[in-house]
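An overview of the molecular structure
Chain by chain, the residues:
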Amino acid sequence: LEILKDYPNPSGATLAAKTCAEKFISYISKRDISKMSTDILYKVMKAVNKDISKINEGRKIDYLVNDEYACCAVGGVFQDEVLYAFAVGDCKMMLLDENLDIVADTSSSTAYNDYKDSYKMKRFRNADWMTNKEFRVYIRKTMRNNIWYKLLKRHTFGALNGDTKALYFIERYKFDLSKVKY
């Protein structure tokens, strides 16, 4: 594809995801797991997001060719019969019982998709976001980490990019694992 010929390798998303995973493991391993909570998990992810900001420092962002390095993520920490988990963006975790039925999931972390009446979205209805430059800038600049869109239940999504607005998109969960097999 023509659009990928100048795409960085590794991509900015890869660098952000690698930073996220490595820093999450580093920070969580320094914690007393017996005292884990969703608040501690949030503090860890806040620090991870700050680390992701460092890979964006000094970059000229135009939301087209040079977008912010960002990633979505899901993860957690087990403590006895509890899973403390987080999810950002369209990453999802499902916990299943022995019949493979869903016991719990991180479905609230999915993007808000009520955008059918949005003027901008109608304009871009048949557009491919990767090839339509105006649509790509709109998604990256206006829709990503848009707190007001989240409050209004309009189309938005979270991504860890170092921006403090990303913190509003870190969903936290405490799952009872007593009925979970997978």
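All of these numbers come straight from a predicted model, not from anything done at the bench.

About the criteria used
- Along each chain, the written sequence defines residue order, and numbers are assigned to residues from 1.
- Residue-level local features of this predicted model are given only where pLDDT is at least 70; pairs of side-chain atoms are given and counted only at 80 or more, and the full residue set underlies all totals for whole chains, interfaces and linings.
- The side-chain numbers reported here are obtained from all heavy atoms of the structure, hydrogens and water having been left aside.
- Candidate patch residues must exceed 30% relative accessible area and have no salt bridge, after which like charges are joined if within 9 Å and Val, Leu, Ile, Met, Phe, Trp or Tyr side chains if within 5 Å.
- Computed with a 1.4 Å probe, the accessible areas rest on the Shrake-Rupley method; for each residue, only the protein chains presented here act as cover.
- The term salt bridge refers to a side-chain nitrogen of Lys or Arg lying within 4 Å of a carboxyl oxygen of Asp or Glu.
- For the purpose of counting charges, residues Lys and Arg are taken to be positive, whereas Asp and Glu are taken to be negative. His and the chain ends are not included.
- Working definition for charges: the position is that of NZ of Lys, CZ of Arg, CG of Asp or CD of Glu.
- Only DSSP runs of H or I reaching four residues or more are called helices, and only runs of E reaching two or more are called strands; each is numbered from the N terminus.
- Note on exposure labels: buried denotes an accessible area under 20% of the residue type's maximum, exposed denotes more than 50%, and partly exposed covers the range between, all computed with a 1.4 Å probe on protein chains only.
- Two strands make a pair as long as DSSP finds a minimum of two bridges between them.
- Two rings from Phe, Tyr or Trp (for Trp, the six-membered ring) form a pair when their centres sit within 6.5 Å of each other. Planes less than 30 degrees apart are called stacked, planes more than 60 degrees apart edge-to-face, and all others tilted.
- Remark: a charge is flagged as sitting over a ring if the NZ atom of Lys or the CZ atom of Arg is within 6 Å of the ring centre and within 35 degrees of the ring normal.
- Defined by distance alone, a disulfide is two cysteine sulfur atoms within 2.5 Å.

So, a positive patch on the surface
Together, Arg31, Lys43, Lys46 and Lys50 make up a region of like positive charge exposed at the surface. Its location among the elements puts Arg31 in the loop between α1 (12-29) and α2 (38-56).

Quick notes on the pairing of strand β2 (residues 82-88)
Where burial is concerned, most of β2 is hidden: seven out of the seven residues are buried. Neither face of β2 is left uncovered, since the one carrying Val82, Tyr84, Phe86 and Val88 and the one carrying Leu83, Ala85 and Ala87 both have all their residues buried. Hairpin remark: strand β1 (residues 73-79) followed by β2, antiparallel, with two residues in the connecting loop; positive phi at Asp80, about 55 degrees. Sheet analysis places β2 next to strand β5 (residues 171-176), joined by six bridges and oriented antiparallel. Within β5, the position partnered with Tyr84 by the bridge is Lys174.

Considerations on the packing of aromatic side chains
Where two aromatic rings form a pair, the distance of their centres and the angle of their planes describe that pair. In total, this model carries two aromatic pairs according to the counting rule given. It is Arg59 that lies over the ring of Tyr69; its NZ or CZ is 3.7 Å from the centre.

Quick notes on a nonpolar patch on the surface
On the surface, Trp148, Leu151 and Leu152 cluster together into a nonpolar patch covering about 410 Å² of accessible area. Look at Leu152 and you get exposed, because its relative accessible area is 56%.

A few points about the pattern of salt bridges
All told, the structure shown has seven salt bridges when counted by the stated rule. With its nearest N and O atoms 3.8 Å apart, the salt bridge here joins Lys18 to Glu22. Of this pair, Lys18 and Glu22 both sit in helix α1, four residues apart, which is roughly one turn of the helix. The exposure class assigned to Lys18 is partly exposed, which follows from its relative accessible area of 49%. Taking relative accessible area as the criterion, Glu22 reaches 47% and is therefore assigned partly exposed. We note a salt bridge from Asp67 to Arg144, for which the minimum N-O separation is 2.9 Å.

Things to note about the state of the cysteines
Counting across every chain of the model gives zero disulfides. With no disulfide of its own, Cys72 has Cys91 as its nearest cysteine by sulfur position, at a separation of 5.2 Å. For Cys72, a relative accessible area of 26% translates into the label partly exposed.

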